[in-house]
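Analysis of the macromolecular model
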Amino acid sequence: MKERGGSDAAKRAAGERAADAVDDGDVVGLGTGSTAAHAIRALGRRADAGLDVVGVPTSFQSAELARECGLSVRTLDDVDGVDVAIDGADQVALGSGALVKGGGAAHASEKVVDADAERFLVVVDPSKVAGELDRSVPVEVLPAARRPVTEAVSALGGDATLRAAERKDGPVVTDNGNLVLDCAFGAIADPGALATDLATVPGVVAHGLFVGLADAVLVGSEDGVETHEYAGE
């Protein structure tokens, strides 16, 4: 699944503004994707200037970038908790702060890290903003569970498609060794209810609906950053 367009300047503005919110001594969840990558690079520059931070990456990709930027990398088991997580989204409903994530197939780890954070900052460009979520929801599934999960998604009113790899034959395989079904439901009137339904399907490792997790959404543009605050959970 390819991301919808959004200028690099807008992504950079959001990522760098989120990186500015990190304090000395923080443990930072490092998201996956092009906008989160700008935050990681900004944190690397701040670390070069003396900022003391530890990063908890959400994917192999973000771990590699963090190391390239000179950041200290740990796992969740190595830290007492995450102070702030910075991550992107494939779509965000600004009214509720509900998200669709998983375009990079890292949403299982992202959800664990983002939910563990004291503060979760979502960084996006304007192309990711919507009044109502309507993008396909990525669902990571155990390989043996592809058929029954596909049938369960159909019973919930969705259409599940196995995500194919772009530069090799066969499907996308996640960092966890699982498959990804992209599940189209059309406009999602109640993301919380659908999130609960998907989470109860046997064989589902994680779905890409993030509901009640975001503390703030930072929408970058060429003119600056617009911040939307939420209560979170």
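Everything below is about the structure printed above this text.
In what follows, the accompanying structure is described. Values in this document were obtained by computation on a predicted structure and should not be read as measured data.

The next thing to look at is the overall build of the protein chain. Broken down by element type, the protein chain carries six helices and 15 strands. Its C-alpha atoms give the protein chain a radius of gyration of 17 Å, near enough to 17 Å, the size a compact globule of 233 residues would have. With respect to the principal axes defined by its C-alpha atoms, the protein chain has extents near 55 × 35 × 35 Å. The burial tally for the protein chain puts 52% of its 233 residues in the buried class.

All right, on to the sheet that holds strand 11 (residues 179-184) then. What the four strands build is an open sheet, ordered 10-11-9-12; its pairing is antiparallel. With one partner strand each, in any of the chains shown, strand 10 (159-162) and strand 12 (204-207) form the two edges of the open sheet. With strand direction ignored, the average angle separating the axes of adjacent strands in the sheet is 30 degrees. Relative to strand 12, strand 9 (residues 137-141) runs antiparallel, the two sharing three bridges. If you follow E140 over to strand 12, its bridge partner there is A206.

What follows covers the sheet that holds strand 4 (residues 82-87). The sheet built from seven strands is open, its strands ordered 3-2-1-4-7-14-15 with mixed pairing. Of all strands in the sheet, those with a lone pairing partner are strand 3 (72-73) and strand 15 (224-229), marking the two edges. With respect to the sheet, helix 4 (residues 107-116) is in contact with strand 1 (27-30), strand 2 (54-57), strand 4 and strand 7 (117-124), its orientation differing from that of strand 7 by roughly 125 degrees.

What follows concerns the environment of E132. Relative to the assigned elements, E132 resides in the loop between strand 8 (129-130) and strand 9. Assessed through its relative accessible area of 39%, E132 is described here as partly exposed. Sequence separation between E132 and A93 is 39 residues, and the spatial gap between their C-alpha atoms is 5.3 Å. Ignoring any residue separated from it by four or fewer positions in sequence, one finds E132 in contact with Q91, A187, I188 and A189.

Turning our attention to the side chain of T174. For T174, the position within the fold is in the loop between strand 10 and strand 11. Among the polar contacts listed, one links the side chain of T174 to the side chain of E140, at a separation of 3.0 Å. Those residues in contact with T174, other than ones at most four positions away along the chain, are A105, E140, L179 and V180.

Successive residues of a regular strand alternate their side chains across the two faces of the sheet. Where burial is concerned, most of strand 14 (residues 216-221) is hidden: five out of the six residues are buried. With four bridges joining them, strand 7 and strand 14 adopt parallel strand pairing. Paired with V124 across the two strands is V219, which belongs to strand 14. The turn linking strand 14 back onto strand 15 is made up of two residues.

Here we take up the nonpolar core. In this structure, V22, V28, L43 and I86 are the most contacted members of the largest nonpolar core, which totals 26 residues. Those elements that provide at least two residues to this core are helix 1 (8-20), strand 1, helix 2 (34-48), helix 3 (60-68), strand 4, strand 7 and strand 14. For this core, the leading source of residues is helix 2, giving five residues. Once residues lying within four places of it in the same chain are set aside, the contact partners of L43 are A19, V22, V28, L30, L51 and L71. Membership of the second largest hydrophobic core comes to 22 residues, among which are V100, V137, L179 and A195.

Our focus in this paragraph is the packing of helix 1 against helix 2. Closest axis-to-axis distance for the helix 1/helix 2 pair is 7 Å, and the angle between their directions is 50 degrees. With respect to helix 2, the element helix 1 is oriented oblique. With respect to the hand of their crossing, helix 1 and helix 2 are arranged in right-handed fashion. Residues D8, K11, R12, A14, G15, E16, A19 and D20 of helix 1 pack against S34, T35, H38, A39, A42, L43, R45 and R46 of helix 2. Per-class residue counts for the contact of helix 1 with helix 2 are five nonpolar, four polar and seven charged.

Each value, and the rule that gives it
- Residues numbered from 1 in each chain as written.
- Predicted model: local features only at pLDDT ≥ 70, side-chain atom pairs only at ≥ 80, totals over all residues.
- Heavy atoms only, no water.
- Helix = DSSP H or I, 4+ residues; strand = E, 2+ residues; numbered from the N terminus.
- Rg over C-alpha atoms; globule rule 2.2 N^0.38 Å.
- Buried < 20%, exposed > 50% of the residue type's maximum accessible area, 1.4 Å probe, protein only.
- Pairing = 2+ DSSP bridges.
- Axes fitted to C-alpha atoms, helices over the stretch in contact; angles between N-to-C directions.
- Contact = heavy atoms within 4.5 Å.
- Polar contact = N/O pair within 3.5 Å; in protein donor to acceptor, adjacent residues only side chain to side chain.
- Core = buried A, V, L, I, M, F, W, Y, C linked by side-chain atoms within 4.5 Å.
- Parallel < 35°, antiparallel > 145°, perpendicular 65-115°, else oblique.
- Left-handed = near helix turned anticlockwise from the far one by under 90°.
- Nonpolar A, V, L, I, M, F, W, Y, C, P; charged D, E, K, R; others polar.

The analysis is restricted to geometry; functional conclusions fall outside its scope.
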